[in-house]
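# Observations on the model geometry
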Amino acid sequence: MLGVRDAYILLGGPQGSGLDTAMRILSRFFASLGYSVLADREYYSNIRGKHSYVHMRVSATKATSLKYPVDVAVAMDVESVFIHFRDVSRGSYFVYDLGTESSTIEDAKALEKYTAMRVKELLKELGISEYVGDVVKWLRSEGVEVVGIKYSDLINELVKYGVPRNVATRALSTFAATAATYLVGIDPESMVSTVEDVFRGRASVIEVNKLMIKASVSALRSKVPKVSKELGKPELSEDELLVVTGNEVVAMGKLVGGLRFQSYYPITPAQDESFYMEGKDLLKVGDKYLGSVLVFQTEDEIAAIASAVGAALAGARVATATSGPGFSLMVETLSWAGMNDVPVVITYYQRGGPSTGLPTRGAQSDLFFTLFAGHGEFPRVVIASGDHEEAFKDAVEALNIAEKYQVPVIHLLDKFIANTVVAMPVPKTEELVIERGKYYVGPGEGPFKRFSLDEEIPTRTFLGMSPITYYTGVEHDEYGRISEDPELRIRMYVRRMRKLEVIDREVPQEHRAVLYGSESGDVLLIGWGFVKGAATDAIEELKSLGIKASYLHIKYFMPFPSRRVREVIKGFSKYVFVEHDYLVQAGMAAKLFAGIEVRERIVKYTGRPIYTNELVDAVLKLFKEGVKEVVLRYGA
Amino acid sequence: MERERRYSMKDYRSEVWIEWCPGCGNYGILTAMLKAFEELQLDPKRVVVVAGIGCSGRIPNYYRVNGVHALHGRAIPFAVGIKLANPKLIVIVHGGDGDLLGIGMGHFVALGRRNIDVTVVIHDNGVYGLTKGQASPTLPRGVKTKALPRPNIQDAINPLAVALASGYTFVARAFALDVDYLKRIFVEAIRHRGASVIDVLQPCVTYNNVFTAEYYRKRIYRLEDEGWDPLVRDPSEARSKYINAMRKALESGDRIPVGIFYRNPYVPSYEERVAQMNPYYLKEPPSRQVVEVNGRPVITTDYFRRVFADRIVKVVGRGSK
């Protein structure tokens, strides 16, 4: 038996069949054994029936990115067989329902027309018929360990114990989790305690799942008495792990960071953040009251940002969370916030556009939108997070920057981070700082000089607790009183715009662009957001292939770390922008703000994440074939 | 400690010169509100006036209370954020009928559903004045005010019916130039706990040559003069009073009723609904909370573990902290 550091798992099945729960159970289970976990969920904008899958990595060290082929793939239905049979290779396990042996691709009713056409084309190319039985035969001939299990037998086994058939059928997702566990060499029996934890208070559900685990293990044992690869012992020393989605970890960061007012309008993939937060709105531990957040569901995104701005004027630490279509509606108010020195954080989860685009898929195509959205010119800060740990800290930092400099802050994330589950160390909140900036609460009649020209950053007031204060979207004087005087206009304009220079001066460039790997080498990958995981793993693999590679991770796009980016690039013979968009917007920003020419690029805009294997291949292609651009396309 | 003082109407008025046309209905609305503030002896620091865009949007400048000149159609959500962050404030929204019932209608309806304790004043003159006299949502179909190239092709909205249907618990209509009467309604609206709205009929002397001061003066009568009782005195009365108010709001003809149409103190405000779930809310609303101790989060690592216990997994066989 071979001990491995990482195991890659894929579970495919129809939306609504419990894969989400299976992902949660698996993530928590592996975390309870001390493993690092990263699990991506790919799904359609649909409640039931369309194809979805979980793609996860379990690591004895650190699960930072995903790749193909996987070690274990479990197909819950016919469609999954056809969609994922190429995601495994020699030595992988492929689990499918023996009962579907004689089904064909035509039986996958929810399969999209164009996907079906592509798969049929592929089958033809490989000389495989459209029967499931033939596909698995081909897999076997390719050296894949095919594990056929009759799912109806599992269901019947549970029915014998008195479980209603429909309930037993639903528990099949637990079979998927059990199979994934068993086939990476971990005893699934110990998963029972995780199941008890996840379904706490629902005794009958726990019972059903226990029965399913038992039935699954005995079925798997009879087919695979001994697994070929086994996950090695975890090397992390953590006593406990935080198992969270990106949405959840941002909610946590905001609460820790002192957020006390969050507004939102439901939109994928942002809504889970506010939803999770709502469940935690009363921060109370035993008898100790720590604070509370008002999570306010509005009638639209215009009201979401407008109410957040209003709450900020009253002195609350505020944010709103949305995605592209929602941010489109917020833009007019963003400009008002810029005009009035309002500290407001917009947590922005990018998804595939334009328009409704790919609402449940990821993208990085809104960078320029966030940089320049809004009529007129005003200072704003744009911060992007690359993984869950960053997202947590950045959520706090966004609130700090917003209040300290009295500017709108856009915290850029994407669907990949939003929905991905990771197991990460519990954050040490004592290491965080809370900065509220300058404000005055106390006596005095006012009007208050809210927009003072004497200070780089003026003093804020809290409506109702400070002297009378005026705000207006019209150009105004130091007291917030309307004035269109041309000379005053210049002074107020400069006052606002200078804030960007202050931020640029005060936030270190090394913090705004972080280098992974050595300061010099053959190639520098430059990216941002979720690209971080694949890129940091790719540079390691490239090193093993003899290419000295590093990764420059851009975290601030406004103000842009121009000097740092220019300096770092000098150390490399080649630099490549890696992004989830078409235009290479981070590259465009680098050109605009740092005068860097975009020469080579690796992009992906299918809405699926960049996988380490395809990124490595693409970099090799740049070297070997001399191409300037590689468009990535892997993933169902 | 600020000393006890008595505020007079002019204490609420700023020094800024008023840029409305002579004879504008806005003067009546401003004066009535200043008088209402005086009568209620409101602390100017506790009052926030939020306005939209247009002629009425300039009104915060003329008050000596906190003023937020927001965006077209968005005065209500700005006001809502202010109020929810600090429920102790008295929050008043001024907006035109185009602002509140056209571009901002979604927010207008949503405020009613929530019954947040905000007072909305509709400056209802039937036209978009500052953009030179286009038809606004309250201008009836077929009417041709002087700037219109042809008669209005769209039907008018009934602001009171919309307010009632949306859940406002204080619904009134008044005339801008009957200042004392308007003041009395403002006083009652501000006292009301919950969402209140006053549809203030006002002339636009420059662009509305149909619905003039003269027009209104001839037709207006006061509801109470005909024995109207808008107040829900017991929850069991709510439905019948509501239906009566709706019927009255839909009345058309040559007589225009003004006064309080409906007033229901029994619907919990949004703030009360929040307080029911979070008993700390009214005492420590979002704007009054301490979120840091010496620049560090209130939520220590230990508290973090307990608050977010649902997402923390203990590693089997390792000691717990």
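## Quick look at the overall build of chain A
- Counting secondary structure elements, chain A contains 22 helices and 28 strands.
- Along the longest, intermediate and shortest principal axes, the C-alpha atoms of chain A span 85 × 60 × 45 Å.
- Scored against the burial criterion, the 636 residues of chain A give a buried share of 57%.
- Here the contacts in chain A between residues at least 6 apart in sequence split such that 74% fall between residues at least 24 apart.

## As for the overall build of chain B
- For chain B, the helix and strand inventory stands at 10 helices and 13 strands.
- Projected onto its principal axes, the C-alpha positions of chain B cover 85 × 45 × 45 Å.
- Per-residue burial for chain B yields a buried fraction of 50% across its 321 residues.
- In chain B, the share of contacts with a sequence separation of at least 24, taken over all contacts with a separation of at least 6, comes to 69%.

## A few points about the environment of Pro 225 of chain A
- Along the chain, the position of Pro 225 of chain A falls in the loop between helix 9 (203-223) and strand 8 (229-231).
- Spatially, the C-alpha atoms of Pro 225 of chain A and Val 630 of chain A are 43 Å apart, while their sequence positions differ by 405 residues.

## Thoughts on the domain arrangement of chain A
- Structurally, chain A comprises domain 1 (2-231), domain 2 (243-431), domain 3 (439-506) and domain 4 (512-632).
- On a C-alpha basis, the centres of domain 1 of chain A and domain 3 of chain A stand 59 Å from each other.

## Quick notes on the interface of chain B and chain A
- In this assembly, 63 residues from chain B lie in contact with 74 residues from chain A.
- Mapped onto the side of chain B that touches chain A, the elements with two or more residues apiece are strand 2 (66-69), helix 2 (75-85), helix 4 (105-114), strand 12 (296-297), helix 10 (301-307) and strand 13 (312-314) of chain B.
- The element that contributes the greatest number of residues to the side of chain B that touches chain A is helix 2 of chain B, accounting for eight residues.
- Across the side of chain B that touches chain A, the residue classes break down as 33 nonpolar, 16 polar and 14 charged.
- Sheet topology places strand 21 (residues 470-472) of chain A next to strand 2 of chain B; three bridges connect them, and they run parallel. Residue pairing for strand 2 of chain B: Thr 472 of chain A is matched across the bridge by His 69 of chain B.

## Examining helix 1 (residues 19-32) of chain A
All names here are of chain A.
- When the terminal C-alpha atoms of helix 1 are compared, their 19 Å separation across 14 residues agrees well with the 20 Å that a helix rising 1.5 Å per residue should span.
- Buried residues dominate helix 1, accounting for 11 of its 14 residues.
- In the stretch just after helix 1, Gly 34 is the one whose phi turns positive, near 95 degrees.

## Regarding unusual backbone geometry
- With omega at -5 degrees, the peptide bond leading from Tyr 68 of chain A into Pro 69 of chain A counts as cis.
- For Lys 132 of chain B, which is not a glycine, the phi torsion comes out positive at approximately 80 degrees.
- Tracing the sequence through the fold places Lys 132 of chain B in the loop between strand 5 (127-128) and strand 6 (134-135).
- Phi angles above zero are rare outside glycine, and Asn 294 of chain B is one such case at about 50 degrees.
- Tracing the backbone through its elements, the reader meets Asn 294 of chain B in the loop between strand 11 (292-293) and strand 12.
- Judged by local crowding, Asn 294 of chain B falls into the exposed class, with 6 C-beta atoms found within 10 Å.

## As for the nonpolar core
- Core analysis: the largest hydrophobic core is formed by 290 residues, its most contacted members being Val 37 of chain A together with Val 50 and Ile 82 of chain B.
- Of the residues forming this core, the biggest block, 10 residues, is contributed by helix 12 (residues 301-313) of chain A.
- Every residue in contact with Val 37 of chain A, bar those within four places of it in the chain, is listed here: Ser 27, Phe 30, Ala 31, Met 56, Val 58, Ala 63, Val 421, Val 422 and Ala 423 of chain A.
- Grouped together as the second largest cluster of nonpolar side chains are six residues, Tyr 128, Ala 135, Cys 204 and Tyr 207 of chain B included.

## Focus on the confidence of the model for chain B
- Averaged over chain B, the pLDDT score is 96; the fraction of residues at 70 or greater is 98%.
- Overall fold confidence (pTM) sits at 0.97, and the ipTM for the predicted complex is 0.97.

## Quick look at the packing of helix 5 (residues 151-160) of chain A against helix 9 of chain A
Residues and elements named next belong to chain A.
- Axis separation between helix 5 and helix 9 bottoms out at 10 Å; the angle between their running directions is 135 degrees. When the axis of helix 5 is compared with that of helix 9, the two are oblique. Where helix 5 crosses over helix 9, the two elements pack in a sense that is right-handed. Contacts between helix 5 and helix 9 involve Asp 153, Leu 154, Glu 157 and Leu 158 from the first element and Val 208, Leu 211, Met 212, Ala 215, Ser 216 and Ala 219 from the second.
- Class assignment for the residues of the contact of helix 5 with helix 9 results in seven nonpolar, one polar and two charged.

## A short note on helix 20 (residues 562-570) of chain A
All names here are of chain A.
- Those residues of helix 20 not exposed but buried are Arg 564, Val 565 and Val 568. Taken end-on, helix 20 shows its buried residues confined to a sector of 95 degrees, consistent with a single buried face.
- Next to the buried residues of helix 20 lie helix 18 (509-512), strand 22 (513-516), strand 23 (521-527), strand 24 (549-554) and helix 21 (585-594).

## Structural notes on the packing of helix 1 of chain A against helix 7 (residues 172-183) of chain A
Residue and element names in this part refer to chain A.
- Two numbers describe how helix 1 lies on helix 7: the axes approach to 8 Å, and their chain directions differ by 35 degrees. Read as a crossing pair, helix 1 and helix 7 show a hand that is right-handed. Between helix 1 and helix 7, the contacting residues are Leu 19, Thr 21, Ala 22, Ile 25, Leu 26 and Phe 29 on the first element and Ser 173, Thr 174, Ala 176, Ala 177, Ala 180 and Thr 181 on the second.
- Residue classes in the contact of helix 1 with helix 7 are distributed as eight nonpolar, four polar and no charged.

## What about the sheet that holds strand 21 of chain A?
- Taken in spatial order, the nine strands of this open sheet run 21(A)-2(B)-1(B)-3(B)-4(B)-8(B)-7(B)-10(B)-9(B), and their pairing is mixed. In this open sheet, the two edge strands, each paired with only one partner strand, are strand 21 of chain A together with strand 9 (220-222) of chain B. Shown here is a sheet whose adjacent strand axes are inclined to one another by a mean of 20 degrees, direction ignored.
- Each of strand 1 (47-51), strand 2, strand 3 (90-96) and strand 4 (118-124) of chain B touches helix 2 of chain B; the most contacted strand, strand 3 of chain B, lies at about 175 degrees to it.
- Those strands touched by helix 8 (residues 238-250) of chain B are strand 7 (170-175) and strand 10 (256-263) of chain B, and its axis lies near 160 degrees from that of strand 10 of chain B.

## Comments concerning the domain arrangement of chain B
Residues and elements named next belong to chain B.
- With domains assigned, chain B is organised as domain 1 (9-274) and domain 2 (279-311).
- Its C-alpha centre places domain 1 at a distance of 39 Å from the equivalent point of domain 2.
- Facing five residues of domain 1, the contacting portion of domain 2 comprises six residues.

## Notes on the environment of Ser 129 of chain A
Residues and elements named next belong to chain A.
- When you line up the elements, Ser 129 lands in the loop between helix 3 (113-126) and helix 4 (132-141).
- Overall, Ser 129 belongs to the partly exposed group, with 14 C-beta atoms counted inside 10 Å.
- Measuring from C-alpha to C-alpha, the distance between Ser 129 and Glu 510 comes to 56 Å, with 381 residues separating the pair along the chain.

## Description of the pairing of strand 5 (residues 70-75) of chain A
Residues and elements named next belong to chain A.
- Counting buried residues in strand 5 gives six out of six residues, a clear majority hidden from the surface.
- The sheet contact formed by strand 5 and strand 6 (residues 88-97) spans four bridges and is parallel. What sits directly across from Ala 73, in strand 6, is Phe 94.
- Crossover handedness for the path strand 5 to helix 2 (residues 78-84) to strand 6: right-handed.

## Some points on the sheet that holds strand 5 of chain A
- With respect to topology, nine strands assemble into an open sheet ordered 7(A)-6(A)-5(A)-2(A)-4(A)-3(A)-18(A)-9(A)-13(B), the strand pairing being mixed. The open sheet has two free edges, formed respectively by strand 7 (145-149) of chain A together with strand 13 of chain B, since each of these has just one partner strand. On average, each strand axis in the sheet is inclined to that of its neighbour by 20 degrees, with strand direction left out of account.

## Structural notes on the pairing of strand 24 of chain A
Residue and element names in this part refer to chain A.
- Most of strand 24 sits inside the fold, with six of its six residues counted as buried.
- A two-sided burial pattern is seen for strand 24, the buried positions comprising Ala 549, Tyr 551 and His 553 on one face and Ser 550, Leu 552 and Ile 554 on the other.
- The pairing of strand 22 with strand 24 spans four bridges and is antiparallel. Bridge pairing in strand 24 places Leu 515 opposite Leu 552.
- Direction of pairing for strand 23 relative to strand 24: parallel, over a ladder of five bridges. What sits directly across from Leu 524, in strand 24, is Ser 550.

## So, the environment of Lys 45 of chain B
Residues and elements named next belong to chain B.
- Mapped onto the elements, Lys 45 comes out in the loop between helix 1 (25-40) and strand 1.
- The exposure class assigned to Lys 45 is buried, which follows from the 21 C-beta atoms found within 10 Å.
- Between the C-alpha atoms of Lys 45 and Asn 244, which are 199 residues apart in sequence, the distance is 38 Å.

Analysis parameters
- Residues numbered from 1 in each chain as written.
- Chains lettered and ligands numbered in written order.
- Predicted model: local features only at pLDDT ≥ 70, side-chain atom pairs only at ≥ 80, totals over all residues.
- Helix = DSSP H or I, 4+ residues; strand = E, 2+ residues; numbered from the N terminus.
- Buried ≥ 20, exposed ≤ 12 C-beta atoms within 10 Å, placed from the backbone.
- Contact = placed C-beta atoms within 7 Å.
- Domains from an automatic or database assignment.
- Nonpolar A, V, L, I, M, F, W, Y, C, P; charged D, E, K, R; others polar.
- Pairing = 2+ DSSP bridges.
- Expected span 1.5 Å × (residues − 1).
- Core = buried A, V, L, I, M, F, W, Y, C linked by C-beta atoms within 7 Å.
- pLDDT = per-residue confidence, 0-100.
- Axes fitted to C-alpha atoms, helices over the stretch in contact; angles between N-to-C directions.
- Parallel < 35°, antiparallel > 145°, perpendicular 65-115°, else oblique.
- Left-handed = near helix turned anticlockwise from the far one by under 90°.
- Arc of directions from axis to C-beta.
- Right-handed = clockwise from strand over helix to strand, strands pointing away.

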